[in-house]
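# Per-entry structural report
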Amino acid sequence: MLQCTELVNILGSEKAYYNSIPDDFKDSFHCNRQREVAPACLVRPLTPKDVSAVVTTISRHNCHFAIKSGGHAMFEGASNADGGITIDLKHLDALELSEDGQTARVGPGQRWGRVYEFFEEKGKVVVGGRVSNVGVGGFLLGGGISFLGRKYGWASDNVRNYEIVLANGSISNVNYESHPDLYWALRGGAGNFGIVTAFDLEAYELGPVWGGNNAHVLSDTPARLTNLGIRRPFSFSLRYLTQSLCQLATQVATLLGRSTTSTAMIEALEDMTLNEKGDESYFQYFLAFSYFQTPGVVAANVLHVHSAQPAPSTKPLAMLDLQAIGKPAYSTSSVRSMRSMVQEFDPYNVPGFRYLFHEITLRFNSTVFQQIFDFFLEEIETIKDLPGMFPTIVMQPISEIVRVGNNKNGGNPFGFSGDDGPICVLSICPEWNRAEDDEAVKASVARFVEMTMVLLEKEGLLHRWVYPNYASEVQDVFAGYGEENRGKMKEIQRKYDLEGVFDRLQPGYFKV
């Protein structure tokens with residue numbers, strides 16, 4: 001490709017790679033579906049001027065490209081250009097704290113684990129991701145659900161300034177004062193407006209938090225399966241013996257008061273969601289149901305983060321219902337740093353597997369969600385024997401302060417109003433091993449999504465919004481922002497990208 005040769009000549013062989021992609025590039029992607037994409041050439045710019053040269057070259061040659069920050073997107077081509085140019089921002093990795101301690105500069109090539117470590121040493125925290133190896137760039141441009149969301153809002157609402165390379169190659173600082181329209185669009189607009197080379201974030205003081213993961217054994221799953229007509233036949237296999245022993249262990253846990261029911265967990269989530277306004281101590285919580293293949297059981301996990309003040313011995317209002325349903329089988333709840341909380345989440349987000357994300361936003365109702373959980377159990381049966389299969393659904397309440405946005409500096413394009421709550425994000429996120437099982441997993445997720453959407457629409461509980469960072473490639477993310485906001489974003493894109501570089505030539509991710 002002529003453009004690849006030109007980039008090597010412009011940037012040098014230490015920044016641009018053609019015919020010889022570095023060995024560490026493939027494994028830098030979280031999902032194997034992205035690792036299998038092969039770009040024609042790779043560029044790893046060191047400065048905004050390098051990024052400008054790349055964008056100018058791409059525009060001149062009309063070649064397709066993709067932008068990679070941490071490489072955590074879950075579908076092919078999202079941040080890796082098949083046969084095109086992949087721009088890997090890993091070396092744009094600034095970490096700085098302003099002299100007054102109020103502003104943190106973070107490069108898009110950083111990952112959140114290192115960001116928290118750096119600022120924790122300085123007694124500061126930023127509103128960022130919840131997994132150590134998630135990249136900064138895509139997370140912030142997609143809005144960013146954070147452990148600190150209920151306290152400070154979307155992560156994107158805490159960006160003071162964007163250093164960005166625009167479609168014409170110019171390098172600009174975009175903030176509320178300089179470019180209020182583009183600043184608004186960037187706070188949830190993904191990579192549709194340029195390549196951000198640095199984020200200036202609000203820096204906050206934050207002491208220890210109280211939080212962790214509570215794992216709950218579910219005693220009612222066998223009864224649910226029976227009611228659904230699902231029976232697992234007897235066999236003389238080691239797997240059947242193992243699963244039978246696990247069922248026995250569940251019964252023992254029940255006798256010891258160390259189990260609960262899926263019904264109780266779902267009802268508790270509804271109560272917690274409704275109680276959120278009355279409890280200022282908690283920052284975030286969510287509920288996950290996962291199928292564990294070897295024991296053949298579905299378990300529930302609640303991950304929560306609270307202020308460590310008042311003392312952890314005081315039961316936060318929003319946690320009362322969960323504490324009332326019985327002790328967890330396993331708990332890591334403790335007083336700890338925010339960095340430690342992020343590390344808590346890492347074992348559930350291991351790179352090197354195949355993943356699929358799909359997101360549905362809904363107004364939570366426990367009675368209706370009982371049916372959705374049954375849909376989940378039914379679909380587990382269709383894929384549970386695939387190698388490495390780990391199906392999970394996660395429910396995350398979106399609190400009022402997050403929905404409305406900070407409303408400072410012009411707000412964001414998500415389009416929420418004060419009448420929208422309380423709502424929850426439902427994430428469907430299976431993990432598996434083999435490429436030959438992709439279609440079976442996609443079909444199972446599609447069936448679950450269709451049944452869930454039909455039910456939610458029937459009950460009047462479906463919300464239009466789609467969270468970009470959890471969306472699948474088949475979803476129209478920006479339709480969920482509302483017709484007016486989408487139209488406004490298109491106008492802003494035309495204003496700053498007359499030739500449509502980021503619309504026409506970047507095919508892999510969500511388009512305005």
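Heads up: the structure comes first, above all this text.
Residues numbered from 1 in each chain as written. Predicted model: local features only at pLDDT ≥ 70, side-chain atom pairs only at ≥ 80, totals over all residues. Heavy atoms only, no water.

## Details of the nonpolar core
- Trp112, Leu140, Trp154, Tyr162, Phe199 and Met338 are the most contacted members of the largest nonpolar core, which has 77 residues in total.
- Apart from the residues lying within four places of it in its own chain, the contact partners of Trp112 are Val126, Val127, Gly128, Gly129, Val131, Ser132, Val134, Gly135, Val136, Phe139, Leu140 and Leu201.
- Judged by nonpolar contacts, the second largest core, of 45 residues, contains Ile266, Leu287, Ile428 and Trp432. (Core = buried A, V, L, I, M, F, W, Y, C linked by side-chain atoms within 4.5 Å. Buried < 20%, exposed > 50% of the residue type's maximum accessible area, 1.4 Å probe, protein only. Contact = heavy atoms within 4.5 Å.)

## A few points about the packing of aromatic side chains
- In the structure shown here, the tally under the stated rule is 29 aromatic pairs.
- Judged by centre distance (6.3 Å) and plane angle (40 degrees), the rings of Phe373 and Phe376 are tilted. Linking Phe373 with Phe376, this pair stays in helix α14 (residues 366–383), spanning three residues, or about one helical turn. Exposure class is identical for Phe373 and Phe376. Each is buried.
- In this structure an aromatic cluster arises from ring pairing among Trp154, Phe357, Phe414, Phe416, Trp465, Tyr467, Tyr470, Phe478 and Tyr481.
- The aromatic ring of Phe29 is capped on one face by Lys68, whose charged end is 5.3 Å from the ring centroid.
- Residue placement shows Arg130 over the ring face of Phe147; its charged tip is 6.0 Å from the ring centre. (Phe/Tyr/Trp six-rings, centres within 6.5 Å; stacked < 30°, edge-to-face > 60°. Helix = DSSP H or I, 4+ residues; strand = E, 2+ residues; numbered from the N terminus. Lys NZ or Arg CZ within 6 Å of the ring centre and 35° of its normal.)

## Some remarks on the state of the cysteines
- In total, this model carries one disulfide according to the counting rule given.
- The side chain of Cys4 participates in a disulfide bridge whose partner is Cys41; the two sulfur atoms lie 2.2 Å from each other. Since a negative S-S torsion denotes a left-handed disulfide, the Cys4-Cys41 link at about -75 degrees is left-handed. Of the two residues, Cys4 sits in helix α1 (residues 2–11) while Cys41 sits in strand β2 (residues 41–43), which places them 37 residues apart along the sequence.
- Residue classification places Cys4 among the buried positions, given a relative accessible area of 1%.
- Considering cysteine sulfurs only, Cys429 is the nearest to Cys424, which forms no disulfide, with 15 Å between them.
- Judged by relative accessible area, which is 0%, Cys424 ranks as buried. (Disulfide = S-S within 2.5 Å.)

## A short note on the pattern of salt bridges
- Throughout the structure, instances matching the rule amount to 28 salt bridges.
- Lys124 is paired through a salt bridge with Glu205; the nearest N and O atoms lie 3.9 Å apart. Residue Lys124 is located in the loop between α5 (112–120) and α6 (136–141), and its partner Glu205 is located in the loop between β9 (195–202) and β10 (209–218); the two are separated by 81 residues in the primary sequence.
- The exposure class assigned to Lys124 is buried, which follows from its relative accessible area of 13%.
- Overlapping salt bridges bring together Asp24, Arg44, Lys68, Asp88 and Lys90 as one network. (Salt bridge = Lys/Arg side-chain N within 4 Å of Asp/Glu carboxyl O.)

## As for the sheet that holds strand β4 (residues 85–88)
- Ordered in space as β1-β2-β4-β3, the four strands form an open sheet in which the pairing is mixed. Single-partner strands in this sheet number two, and they are β1 (16–18) and β3 (65–68). Between one strand and the next, the sheet's axes are offset by a mean angle of 15 degrees, whatever the strand orientation.
- One ladder, built from four bridges, connects β3 with β4; its direction is parallel. (Pairing = 2+ DSSP bridges. Axes fitted to C-alpha atoms, helices over the stretch in contact; angles between N-to-C directions.)

## Examining the side chain of Ser28
- Within the element layout of this structure, Ser28 appears in the loop between α2 (23–26) and α3 (32–35).
- Ignoring any residue separated from it by four or fewer positions in sequence, one finds Ser28 in contact with Lys68, Gly70, Gly71 and Arg111.

## Here we look at the environment of Glu400
- Here Glu400 lies in helix α15 (residues 400–404).
- A residue is classified by how much of its surface remains accessible, and Glu400, at 31% relative accessible area, is partly exposed.
- With 247 residues separating them along the chain, Glu400 and Gly153 place their C-alpha atoms 8.9 Å apart.

## Describing α14
- The terminal C-alpha atoms of α14, which comprises 18 residues, lie 26 Å apart, in line with the 26 Å expected from a rise of 1.5 Å per residue.
- Counting buried positions along α14 gives 13 out of 18 residues, so the element sits mostly inside the fold. (Expected span 1.5 Å × (residues − 1).)

## Brief notes about the sheet that holds strand β8 (residues 171–174)
- In space, the five strands of this open sheet follow the order β5-β6-β9-β7-β8, with antiparallel pairing throughout. Each edge of the open sheet carries a strand with a single partner, namely β5 (95–97) and β8. Strand-to-strand twist in this sheet, taken as the mean axis angle between neighbours without regard to direction, amounts to 15 degrees.
- Both β5 and strand β6 (residues 103–106) contribute to a ladder of three bridges, which runs antiparallel. Paired with Leu97 across the two strands is Ala104, which belongs to β6.
- Where α5 meets the sheet, it contacts β5, β6 and β9, and its direction lies at approximately 30 degrees from that of β5.

What is shown is where atoms sit, not what they do.
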